[in-house]
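Topology and contacts: notes
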Amino acid sequence: MRPLRYARPDTVTQAVTLVAGEPRGAYLAGGTNLVDLLKLGVANLDLLVDVRRLTSTSIDELPDGGVLIGAAVPNGELAAHPVIRQRYPVLSEAVLAGASGQLRNVATTGGNLLQRTRCAYFQNVTTPCNKREPGTGCSAREGYQREMAIFGASPECVATHPSDLAVALAVLEAQVHTHGPDGGGRRIPLLDLHRLPGHEPQRDTALGHGELITAVELPPLPFAATSRYRKIRDRASYAFALVSVAAALDVAGGVVRDVRIALGGVAHKPWRATRAEQRLRGEPAGEASFRAAADAELAAAEPLPGNAFKVRLARAAITRTLLDLTQAAGGSGR
Amino acid sequence: MDVEITLRVDGTEHTLVVDTRTTLLDALRERLGNTSPKKGCDHGQCGACTVLLDGWRAVSCLALAVAHDGATVITAAGLTTNGELHPLQRSFVIFDAFQCGYCTPGQIVSAVGRLDEVSAGWPSAVTAPGAVDVVLDDDEIRERMSGNLCRCAAYAKIVPAIREVARG
């Protein structure tokens, strides 16, 4: 690890100025991914600016019925918060499906969104990787593909985004509040925060250098009370998703009034399944239409030989999650 | 870059100068001589370095010491009171909940931290949606302890050792 300067400024403005002024500068919050990347030699930094005690650690209900989550709220507290559990259960379940108790106590809301892919080639500095070192090639395309993307990949990168939290926020259409080097704040829809790899896989997000996440806002969404997160992985707990599904369902009289679906573990960003959603609205809430909706989404999948299983897995996971939600909403699901 | 920090470890306050790259784990083991937290994977994947950091369980290998200036740290060695073992420490001995013992301090600290989380009403991934009272059955114990790996696979004894204390 190269020598590292450390700063703990007193204000958000100071923190932003510090990082903006140092090309090899980055924010440190919980550090559960960044410290590891420093050890691995994947992150080569000269300056860490500690913002863990700078951004908000509170969860506040907003007058419009939404909720504002401070960027420094630990994942464990977020998942346990009564308002989140009651009104946005998909968010609580997604957080609890990720990492371990030890990590969730330290990892923050903002940091969770900015964690980097766990692609083995990205994390191994001895192998070519366009995300870590642009222009060197993608080892995963010809290598071990089990965990790779089936949607939206590019010839340069087939990595997946590891966050469970972000998949739930994609369903909830959260807004990410940031503070930028120009002194202004902006709100970025969660769905626009992360990007597809394209020709610049080294860029995970739409944030500019020095732009700091200060909070995440959940808009009101009454039918999110009937929402859940299902994660499928290679061991029962404490592993990244092969496929995960976040969904919220609004059923009235056996008919789907509204639905939101997002997938994790399948793309470089949380994958909002808009084709499946469109297909489902107005359809009877039941296994046949859920399966047809899943198929409508997965028709666009472009799996690799080593991860073609994810298509069937995602189809089953979407169908089962929607059936569970139908049952929770009081329908039979048949 | 060297920075002076203060850590309160197992009830004793220490002031030390650390390089900014020093992890909390290395500060405890190499600088303060507290070898209770173990270095297993050093990447936050095994849980052997688990400590209570300002009251909550955390892996000390992914925490930079400089970022935790002023923190209160409890290691497995600090769980005893007046020489008396913590009930979970005693339970691990009675149930023979280890083989080589390397993961044990992390397992025990994690189990203590988990009890506090249950007392605070925190759900886990296997808690029924909306449930207010957590029933600490074996599924709950396994899920809540999934961040602590045991390469000897002593899980068959670790789970009952923790279950015994969970029931009081």
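**Re the environment of Gly264 of chain A**
All names here are of chain A. Mapped onto the fold, Gly264 is located in strand S11 (residues 255-264). Taking the C-alpha atoms as reference points, Gly264 and Ala241, 23 residues apart in sequence, are found 6.9 Å from one another. Apart from residues no more than four positions distant in its own chain, Gly264 is found in contact with Val167, Leu242, Val243 and Ser244.

**Quick notes on the domain arrangement of chain B**
Residue and element names in this part refer to chain B. Domain annotation for chain B reports domain 1 (2-77) and domain 2 (87-166). With centres defined by C-alpha atoms, the gap from domain 1 to domain 2 works out at 22 Å. Tallying the contact residues gives 17 residues for domain 1 and 17 residues for domain 2. Here domain 1 packs against domain 2, burying approximately 1300 Å² in sum over the two surfaces, 58% of which is carbon and sulfur. Together, Trp56, Arg57 and Ala76 form the three largest contributors to the area buried by domain 1 at its contact with domain 2, with a combined 44%. Our count for the domain 1 to domain 2 interface comes out at one salt bridge. Of the charged contacts, one joins Arg57 and Glu117 as a salt bridge, the two residues approaching to 2.8 Å between their closest N and O atoms. The dominant element in the side of domain 1 that touches domain 2, judged by the number of residues it contributes, is strand S3 (residues 50-53), at three residues.

**Examining the nonpolar core**
Within the largest apolar cluster, 49 residues are counted, with the highest numbers of intra-cluster contacts made by Leu28, Leu45 and Leu48 of chain A together with Leu24 of chain B. The set of elements that each furnish at least two residues to this core consists of strand S2 (25-28), helix H2 (34-40) and helix H8 (120-123) of chain A together with strand S1 (2-9), strand S2 (12-19), helix H1 (24-31), S3 and strand S4 (56-59) of chain B. Discounting residues that sit within four places of it in the chain, Leu24 of chain B has contacts with Leu7, Val51, Leu53, Ser60, Ala63, Leu64, Ala65 and Val73 of chain B. Of all hydrophobic cores here, the second largest spans 41 residues; its members include Ala71, Val73, Leu96 and Val176 of chain A.

**With respect to the sheet that holds strand S4 (residues 59-61) of chain A**
Residue and element names in this part refer to chain A. With antiparallel pairing, the five strands of this open sheet are ordered in space as S4-S5-S8-S6-S7. Each edge of the open sheet carries a strand with a single partner, namely S4 and strand S7 (185-189). The average angle at which neighbouring strand axes cross in this sheet is 25°, direction not considered. Judged from the three bridges that link them, S4 and strand S5 (residues 67-70) form a sheet pairing that is antiparallel. When the bridges of S5 are listed, Asp60 appears paired with Leu68.

**Remarks on the state of the cysteines**
Residue and element names in this part refer to chain B. All told, the structure shown has zero disulfides over all chains when counted by the stated rule. Not part of a disulfide, Cys46 finds its nearest cysteine sulfur in Cys41, a span of 3.8 Å. Unpaired in this structure, Cys103 has its nearest cysteine sulfur neighbour in Cys150, at a distance of 4.0 Å.

**Focus: the sheet that holds S2 of chain A**
Residues and elements named next belong to chain A. Read from one edge of the open sheet, three strands run S1-S3-S2, paired in parallel fashion. The open sheet has two free edges, formed respectively by strand S1 (5-7) and S2, since each of these has just one partner strand. Ignoring which end each strand starts from, the neighbouring axes of this sheet average 25° apart. Pairing between S2 and strand S3 (residues 47-50): four bridges, direction parallel. Bridged to Tyr27 within S3 is Val49.

**Structural notes on unusual backbone geometry**
Backbone geometry at Tyr238 of chain A places phi at a positive 60°, although glycine is not the residue there. By the element assignment, Tyr238 of chain A lies in the loop between strand S9 (227-232) and strand S10 (243-252). The phi dihedral of Asp54 of chain B is positive, around 50°, even though this residue is not glycine. Within the element layout of this structure, Asp54 of chain B appears in the loop between S3 and S4.

**Considerations on the packing of helix H2 (residues 87-94) of chain B against helix H3 (residues 104-119) of chain B**
Residue and element names in this part refer to chain B. Between H2 and H3, the shortest axis-to-axis distance is 10 Å and the interhelical angle comes to 130°. For the element pair H2 / H3, the angle class is oblique. In this structure, the crossing between H2 and H3 has a hand that is right-handed. Taken together, the residues of H3 that come into contact with H2 (itself represented by Leu88, Gln89 and Phe92) are Thr104, Gln107, Ile108, Ala111, Val112 and Leu115.

**Focus on the environment of Leu323 of chain A**
You can see Leu323 of chain A is positioned in helix H13 (residues 309-328). On a C-alpha basis, the gap between Leu323 of chain A and Gly286 of chain A in space is 6.9 Å, while along the polypeptide they are 37 residues apart.

**Some thoughts on the pattern of salt bridges**
All names here are of chain A. Tallied over the entire structure, the rule returns 33 salt bridges over all chains. Close ionic contact of Asp164 with Lys231 constitutes a salt bridge, the shortest N to O distance being 2.9 Å. Here Lys231 lies in strand S9 and Asp164 lies in the loop between H8 and helix H9 (165-172), a separation of 67 residues in the sequence. Here Asp164 and Lys231 have matching classes, each one buried. For Arg228, the salt bridge identified is with Asp324, shortest N-O distance 3.3 Å. A residue pair is termed long-range when its members are at least 10 positions apart, and Arg228 in strand S9 and Asp324 in helix H13 qualify at 96 residues. A relative accessible area of 26% means that Arg228 is categorised as partly exposed. A single salt-bridge network, built from bridges that share partners, covers Glu173, Asp258, Arg260, Arg272, Glu277 and Arg281.

Criteria and cut-off values
- Residues numbered from 1 in each chain as written.
- Chains lettered and ligands numbered in written order.
- Predicted model: local features only at pLDDT ≥ 70, side-chain atom pairs only at ≥ 80, totals over all residues.
- Heavy atoms only, no water.
- Helix = DSSP H or I, 4+ residues; strand = E, 2+ residues; numbered from the N terminus.
- Contact = heavy atoms within 4.5 Å.
- Domains from an automatic or database assignment.
- Buried area = accessible area lost by both parts, 1.4 Å probe.
- Salt bridge = Lys/Arg side-chain N within 4 Å of Asp/Glu carboxyl O.
- Core = buried A, V, L, I, M, F, W, Y, C linked by side-chain atoms within 4.5 Å.
- Buried < 20%, exposed > 50% of the residue type's maximum accessible area, 1.4 Å probe, protein only.
- Pairing = 2+ DSSP bridges.
- Axes fitted to C-alpha atoms, helices over the stretch in contact; angles between N-to-C directions.
- Disulfide = S-S within 2.5 Å.
- Parallel < 35°, antiparallel > 145°, perpendicular 65-115°, else oblique.
- Left-handed = near helix turned anticlockwise from the far one by under 90°.

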